[in-house]
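Here is what each chain is made of, one letter per residue.
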Amino acid sequence: MKKIAFVLLFLFFFALITVGYATLSQEFHVQGTSYAAPPPKGIFIVGVEVIDSQNVTDVDSGYTPPTNLRSSVSATAGGSITYKITVENNSDLTYWFREILYLDDLQNMDNSLLGANNGIQIVVKDKIADTTVTFNNEDWVPPHTTRDFYAIYSFGSAAAGTTVTTLVNFSFGGRIASYGDEILSILNDPEKYAVLSDAFDEAYISDHSTIIGNIGADVGLFDTLLGPDLKLDGNPVKIMIERSNMDGKATGDSYASGGPSGCEYTIYVTTEDLSGNTTVYAVSYTREANGEWRQIGELYEGTTPLGTYVDSTGEAYVSFDPDKWEAVPKTYIVFTYKGNSVTYKVNEKYGNSYQQQFKLEDLMSMQDQELYNQLNNHQILKDAYQILFKDHVGSNATEILLLRDAYEDALRFYEMRNQGQEFSLSNTATRAELLSTVEALAKAMDYYLQVHDTDHQ
């Protein structure tokens, strides 16, 4: 019975991290407490270390897949124990921390003490020296990296005097943007890209279609590339991909049959039920001269009316209509750094000429002087230069490598002068080209500030 209970518990916690999250789907085999190779793609605890304890003795703490920590300690009132938890993201997706989850009536566990008065309180931090909860839903783990965070368990009088055992799940998950992560990974994988582009070539030959969705007979293509049963937050995900020229440039690819050229791939995603105007997110990717696909613009929020989708067998289905997608009126915060935000507006009906665009093609081709003025010679580039070329020259720490890549990519549009004291922005770049570049730099800087410890070399 104990073995059965453990397996059921194990499956429950695995479901917490996999159901509703954007992840490649692979079969998970439970045999006692182990899983068979190859392991599923996702995020997993790969190490737990006690780094501090005050009037608490660790008895038998450990972890089980995917992200569950079993704490077994002997404590006195007022005591605490600090765990350093290392997680590994072995997927192509970014995972964000969500929350701590647990069952308070779990058999043979003392989970009822968690969060109770005079029980056990858990605080999670980016760094051990932080004085407040700093590891939160704005913290993430990039694809194919590991990350450390800290969990401090504090014990009240009700949790003192005996061995106390708890089991909690540190829950991570994806966002709508995670599906964009996967599409970008597919585009930069020659074999998967060939499957996707061939499918579009065939669709165009058949009926000049430039859109494929996970609908009807075409679900099979998405099952092959993304895995079956796509969900986010427990809701089915409806995806359409469009292959057409979005930015008015020659970048991208072309149809093999003489169709459109200079094509970007745009992914349209929704988790809503289809009725009237549906909220649909859209993001585009283009191919540079070096063959690398990269994001342009934002993940934009928009709406579409209902339309008809005809799959590869000729069957018609009701779905949202990407051809009629329009951005919702919104002010986008590109990033905030040292208290100052870089922003721009879309679909601002009575705004100026930089703010009125609502069609995706116009958003992608716009040259925005207002955004240029905010980004020219921005302080974030000067600080990145200081970190990379003065403070941490030659460092191989993950956060330094990510920041270096983002900084070097930004130099496509910036000219560095006076040993990092001035960064002149090119005024020929489109807003879409700049956005993904500077947002990646800001995200890398934010990640550096979250995880960097002073002992990193």
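It should be noted that the structure appears before, not after, this text.
Predicted, not measured: the structure shown is a model, and the values here were computed from it. (Residues numbered from 1 in each chain as written. Predicted model: local features only at pLDDT ≥ 70, side-chain atom pairs only at ≥ 80, totals over all residues. Heavy atoms only, no water.)

A. Structural view of the sheet that holds strand β16 (residues 278-287). Strand order across the open sheet formed by six strands is β11-β14-β15-β16-β17-β20, with antiparallel pairing between neighbours. Because the sheet does not close on itself, it has two edges, and the strands there are β11 (211-213) and β20 (326-327). As judged from the nine bridges shared by β16 and strand β17 (residues 293-304), these two strands associate in the antiparallel manner. Looking at the pairing, Thr-279 lines up with Thr-303 of β17. Where helix α3 (residues 190-207) meets the sheet, it contacts β11, β14 (238-244), β15 (264-270), β16 and β17, and its direction lies at approximately 75° from that of β14. (Pairing = 2+ DSSP bridges. Helix = DSSP H or I, 4+ residues; strand = E, 2+ residues; numbered from the N terminus. Contact = heavy atoms within 4.5 Å. Axes fitted to C-alpha atoms, helices over the stretch in contact; angles between N-to-C directions.)

B. A look at the pattern of salt bridges. A complete count under the given rule lists 17 salt bridges for this structure. One salt bridge connects Arg-417 with Glu-415, and the closest N-O pair in it is separated by 3.3 Å. We classify Arg-417 as partly exposed; its relative accessible area is 33%. Take Glu-415: its relative accessible area is 44%, and that puts it in the partly exposed class. A single network of salt bridges, built from pairs that share partners, joins Glu-288, Glu-292, Arg-294, Asp-409 and Arg-412. (Salt bridge = Lys/Arg side-chain N within 4 Å of Asp/Glu carboxyl O. Buried < 20%, exposed > 50% of the residue type's maximum accessible area, 1.4 Å probe, protein only.)

C. Here's a closer look at unusual backbone geometry. A cis amide bond links Pro-65 with the next residue in sequence, Pro-66, at an omega value of -5°. Within the fold, Pro-66 resides in the loop between β4 (62-64) and β5 (68-89). For Asn-108, which is not glycine, the phi torsion reads 65° and is therefore positive. Residues other than glycine seldom take positive phi values, yet Asn-377 does so here, at roughly 55°. Of note, Asn-377 is situated in the loop between α6 (369-375) and α7 (379-391).

Function cannot be inferred from these measures alone, as they are strictly geometric.
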